[in-house]
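# Understanding the architecture of this molecule
Residue-level listing of the chains:
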Amino acid sequence: GSLMMISARAFGDNAQMKEHHYTGPVEHKFSPYAFNGGTVLAVAGEDFALVASDTRLSEGYGIHSRDSPKCYKLTDTTVIGCSGFHGDCLTLTKIIEARLKMYKHSNNKNMTSGAIAAMLSTILYGKRFFPYYVYNIIGGLDEEGRGAVYSFDPVGSYQRDTYKAGGSASAMLQPLLDNQIGFKNMENVEQVPLTLEKAVQLVKDVFISAAERDVYTGDALKICIITKEGVREEIMPLRKD
Amino acid sequence: MALSNVLEPAGSGFNFENSTRNIVLENGSEEGKIKAPKPMKTGTTIAGVVYKDGVVLGADTRATSEEVVADKMCAKIHYIAPNIYCCGAGTAADTEKTTDMLSSNLTIFSMNSGRNPRVVMAVNILQDMLFRYRGMIGAHLILGGVDCTGSHLYTVGPYGSMDKVPYLAMGSGKLPAMGILEDRFKGNMDLEEAKALVSDAIHAGIMSDLGSGNNIDLCVITKEGVDYIRPHRESIYNYKRQAKYKYKPGTTPVLNKTVNQLELVHETVQMMETAGSS
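Residues numbered from 1 in each chain as written. Chains lettered and ligands numbered in written order. Predicted model: local features only at pLDDT ≥ 70, side-chain atom pairs only at ≥ 80, totals over all residues. Heavy atoms only, no water.

## Notes on the overall build of chain B
Rules: Each helix is a run of DSSP H or I of at least 4 residues and each strand a run of E of at least 2, with the numbering of both proceeding from the N terminus. Our radius of gyration is a C-alpha quantity, and the globule rule it is checked against amounts to 2.2 Å times the number of residues to the power 0.38. Relative accessibility thresholds used throughout: buried, under 20% of the residue-type maximum; exposed, over 50%; partly exposed, between the two (1.4 Å probe, protein chains only).
Looking only at helices and strands, one finds 5 helices and 12 strands in chain B. Over its C-alpha atoms chain B spans a radius of gyration of 24 Å, topping by over 25% the 19 Å that the globule rule assigns to 278 residues. Across its three principal directions, the C-alpha atoms of chain B cover 75 × 60 × 50 Å. Counting the 278 residues in chain B, one finds 41% classified as buried.

Okay, structure coming up:
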């Protein structure tokens, strides 16, 4: 089901590209939000999870940075991908990291992926009336060592998924993943379980396609691969234009 | 033959019949508010430079519809006359139709007078039309050409403004492109230098502006003729996908199949008056 309670349009006109015409006096209202672009993707396998993001940070038609990844490592078994308004992404990840430390000190163990997801939901809903403009996706291993993906909307509604795309090119990626990982709209196809190699190959291919058609996605792709050995990173270049 | 249900043919100028209806739809109640569809803009980098023997025009090839790339190989350098070409930025439909209309007008003039049109004529016709439409036509154009009075480069804005300049960039990527042009432009360059300058200016726009991208087209106009180089520089980003995404027949199952034989009912032969027969 759809988790999007609040659309990007609610975040104010400064989040959009400026029109070239000047057709009369325009009243400008200060908007506390900006849209910095970026796409995030997470896939859960039998004994692994992937969290991938592009590394472009943009605003309007301009590029702020070509090397600003959107995956943040939280623990040895959990990585979070955040896209939307970069200011809120940074603050939110700082808050999550602080809460992880507090939990570790009072409970003498690391938070599990499921626990982090539940906590993030309450943190986000705490700002229900002035939300964090962030689309979050958590990827990690659950207590049994199986891959887990949790996807969120800006105010904390979440669910566990097998795969999820978020951010500016999410509408382009999600249907392709539904077909290739979820085997939707196909019949007479052997439904082989997803291996790590196949998943990495698929993620690279879908990001190449997203960079072709979404102006906000590009520059480079960073994939965080989470297995019982820990978190490993792979980087691949994408279109820079 | 006149069908009773055929639509009224369009009159000249713009048709404002739907304006009141659109205002009502856009200002409807909170739930009923409907946003008008946005026309596709080219979000472009275009540039032009006058050199020793003529004019070099350049453009990128990306057309965007808000944040999605609608066309990766769009042609933004439009033919106006054998000696005049025009780069267009702004609303894609407006640049296409305006340049087409200008081209038709100048073709008629050429046939009447037996001469190639002058660049100033093209500029004046464009200015008249764009001013008349009060900026509603979103066409930001760079006109370049060589005529009996020399090589000329003009820019015409959507409100009808005009500027005659030796070098110029327009579109959403104009600032990075102008940076390159301001740095390296000099008068009386030779052909290779001029092509390299325009190409690098467009390249700066492609790398720094999200609305521009893909390939670079160039058009060199001299009194001998025109060299339309499409593409001059192809995009270097040619990432191959690692897997093959092909579907075997049967992936979309065939539920049932019916074959309707079409019967030949009646055959007639009618003689027609054509230009070949007499």
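What follows continues from the structure just given.
## Focus on the pattern of salt bridges
Keep this limit in mind: Put simply, a salt bridge is a Lys or Arg side-chain nitrogen that is within 4 Å of an Asp or Glu carboxyl oxygen.
Inspection of every chain in the model, using the stated rule, returns 21 salt bridges over all chains. Close ionic contact of Asp 76 of chain A with Lys 73 of chain A constitutes a salt bridge, the shortest N to O distance being 3.3 Å. The residue Arg 230 of chain B makes a salt bridge to Asp 217 of chain B at a minimum N-O spacing of 2.9 Å. Residue Arg 230 of chain B is located in strand E12 (residues 226-233), and its partner Asp 217 of chain B is located in strand E11 (residues 216-222); the two are separated by 13 residues in the primary sequence. A relative accessible area of 33% means that Arg 230 of chain B is categorised as partly exposed. When its relative accessible area of 0% is taken as the criterion, Asp 217 of chain B is described as buried. Bridged by salt links that share partners, the residues Glu 212, Arg 239 and Asp 241 of chain A together with Arg 62 and Lys 72 of chain B form one connected network.

## Remarks on the sheet that holds strand E7 (residues 139-147) of chain B
Residue and element names in this part refer to chain B. Here is the rule: Think of it this way: DSSP has to see at least two bridges between two strands before they count as a pair. Geometry is summarised by axes, namely lines fitted to C-alpha atoms with helices restricted to the contacting stretch, and by angles between N-to-C directions that run from 0 to 180 degrees. Two residues qualify as a contact provided that any one of their heavy atoms is within 4.5 Å of a heavy atom in the partner residue.
Spatially, 5 strands are ordered E5-E6-E7-E8-E9 in an open sheet, and the strand pairing comes out antiparallel. Pairing within the sheet leaves two strands with one partner each, and these edge strands are strand E5 (77-81) and strand E9 (162-164). Averaged over all neighbouring strand pairs, the angle between strand axes comes to 25 degrees, with direction disregarded. Relative to strand E8 (residues 150-156), E7 is paired through 7 bridges, and the arrangement is antiparallel. Pairing of Leu 141 across the sheet is with Val 156, part of E8. Of the strands in this sheet, E5, strand E6 (84-90) and E7 are in contact with helix H2 (residues 92-113), which crosses E5 at around 20 degrees.

## Quick notes on the packing of helix H1 (residues 86-107) of chain A against helix H2 (residues 113-126) of chain A
Residue and element names in this part refer to chain A. Heads up, the condition is: The labels follow the angle: roughly parallel below 35 degrees, roughly antiparallel above 145, roughly perpendicular from 65 to 115, and oblique for the rest. Rotating anticlockwise by less than a right angle from the far helix to the near helix defines a left-handed crossing, while the corresponding clockwise rotation defines a right-handed one.
Close contact between H1 and H2 brings their axes to 11 Å; oriented N to C, the two are set at 130 degrees. In this view, H1 runs oblique relative to H2, as classed from their interaxial angle. Considering how the two elements wind past one another, H1 and H2 form a crossing that is right-handed. Residue-level inspection shows Leu 92, Ile 95, Ile 96, Arg 99 and Leu 100 of H1 in contact with H2, the latter providing Ile 116, Met 119, Leu 120, Ile 123 and Leu 124.

## Focus: the environment of Cys 148 of chain B
Residue and element names in this part refer to chain B. By the secondary structure assignment, Cys 148 is in the loop between E7 and E8. According to the relative accessible area criterion, Cys 148 is exposed, its value standing at 65%. Along the sequence, Cys 148 and Arg 115 sit 33 residues apart, while their C-alpha atoms lie 9.9 Å from each other.

## Describing helix H3 (residues 170-180) of chain A
Buried within H3 of chain A we find Leu 173, Gln 174, Leu 177, Asn 179 and Gln 180 of chain A. Its buried side turned inward, H3 of chain A meets strand E1 (39-44), strand E10 (163-167) and helix H4 (196-213) of chain A.

## Here's the deal with the interface of chain B and chain A
Put simply, the rule reads: Here's the idea: put two parts together, see how much 1.4 Å probe accessible area each one loses, and the total over both is what we call buried area. In protein, a polar contact requires one atom able to donate a hydrogen and another able to accept it; more generally it is a pair of N or O atoms within 3.5 Å, and residues adjacent in sequence count only if both atoms are side-chain atoms.
Counting residues at the interface gives 39 residues for chain B, matched by 39 residues for chain A. Carbon and sulfur atoms make up 51% of the surface buried where chain B meets chain A, a total of about 3400 Å² over both sides. By the criterion of area lost to chain A, the three top residues of chain B are Glu 67, Leu 210 and Tyr 239 of chain B, representing 20% of everything that side buries. Joining chain B to chain A, the criterion identifies 2 salt bridges. Two residues, Lys 72 of chain B and Glu 212 of chain A, come together in a salt bridge whose shortest N-O distance is 2.5 Å. Taken together, chain B and chain A are joined by 17 residue pairs in polar contact (both at pLDDT 80 or more).

## Quick word on the sheet that holds strand E10 (residues 167-170) of chain B
Residue and element names in this part refer to chain B. In space, the 5 strands of this open sheet follow the order E10-E1-E2-E11-E12, with antiparallel pairing throughout. Edge positions in the open sheet fall to E10 and E12, since each of these has one partner strand only. For this sheet, the mean angle separating the axes of adjacent strands, direction not counted, is 15 degrees. Here strand E1 (residues 46-51) runs beside E10; their pairing, made up of 4 bridges, is antiparallel. What sits directly across from Ala 47, in E10, is Ala 169. This element, helix H4 (residues 174-184), spans E1 and E10 of the sheet and lies at about 165 degrees to E10.

## As for the UniProt feature "active site" (unreviewed entry) in chain B
Residues and elements named next belong to chain B. Formally: UniProt positions are given in the numbering used here, feature names are shortened, and annotations may be inferred rather than shown by experiment.
Look at the UniProt record and you will see "active site" (unreviewed entry) annotated at Thr 44. With respect to the helices and strands, Thr 44 occurs in the loop between helix H1 (19-26) and E1. On the accessibility criterion, Thr 44 (1% relative accessible area) is buried. Among residues more than four places away in sequence, those in contact with Thr 44 are Asp 60, Lys 76, Gly 88, Ala 89, Met 170, Gly 171, Ser 172, Gly 173, Asp 209, Gly 211 and Ser 212. Separated by 3.1 Å, the side chains of Thr 44 and Lys 76 make a polar contact.

## Notes on unusual backbone geometry
Residue Arg 230 of chain B is joined to Pro 231 of chain B through a cis peptide bond whose omega torsion reads 5 degrees. With respect to the secondary-structure elements, Pro 231 of chain B resides in strand E12. With phi around 55 degrees, Asn 108 of chain A is a residue other than glycine that occupies positive phi space. By the element assignment, Asn 108 of chain A lies in the loop between H1 and H2. Its identity is not glycine, yet Asn 214 of chain B carries a phi of approximately 65 degrees, on the positive side. Take Asn 214 of chain B: its relative accessible area is 7%, and that puts it in the buried class.

## Considering a nonpolar patch on the surface
What counts, and what does not: Exposure above 30% relative accessible area and no salt bridge define the residues that can form patches, which grow by joining like charges within 9 Å and nonpolar side chains of Val, Leu, Ile, Met, Phe, Trp and Tyr within 5 Å. Each accessible area is a Shrake-Rupley result for a 1.4 Å probe, and residues are judged covered by the shown protein chains and nothing else.
A surface patch of nonpolar side chains, about 370 Å² in accessible area, is lined by Phe 14, Phe 16 and Met 136 of chain B. Looking at the element boundaries, Phe 16 of chain B is found in the segment before H1.

## Examining helix H5 (residues 191-208) of chain B
Counted only if it meets this: Multiplying 1.5 Å by the residue count of a helix minus one yields the expected span of that helix.
With 18 residues, H5 of chain B extends 26 Å between its outermost C-alpha atoms, agreeing within 8% with the 26 Å of an ideal straight helix rising 1.5 Å per residue. Burial in H5 of chain B covers these residues: Ala 194, Lys 195, Leu 197, Val 198, Ser 199, Ala 201, Ile 202, Ala 204, Gly 205, Ile 206 and Met 207 of chain B.

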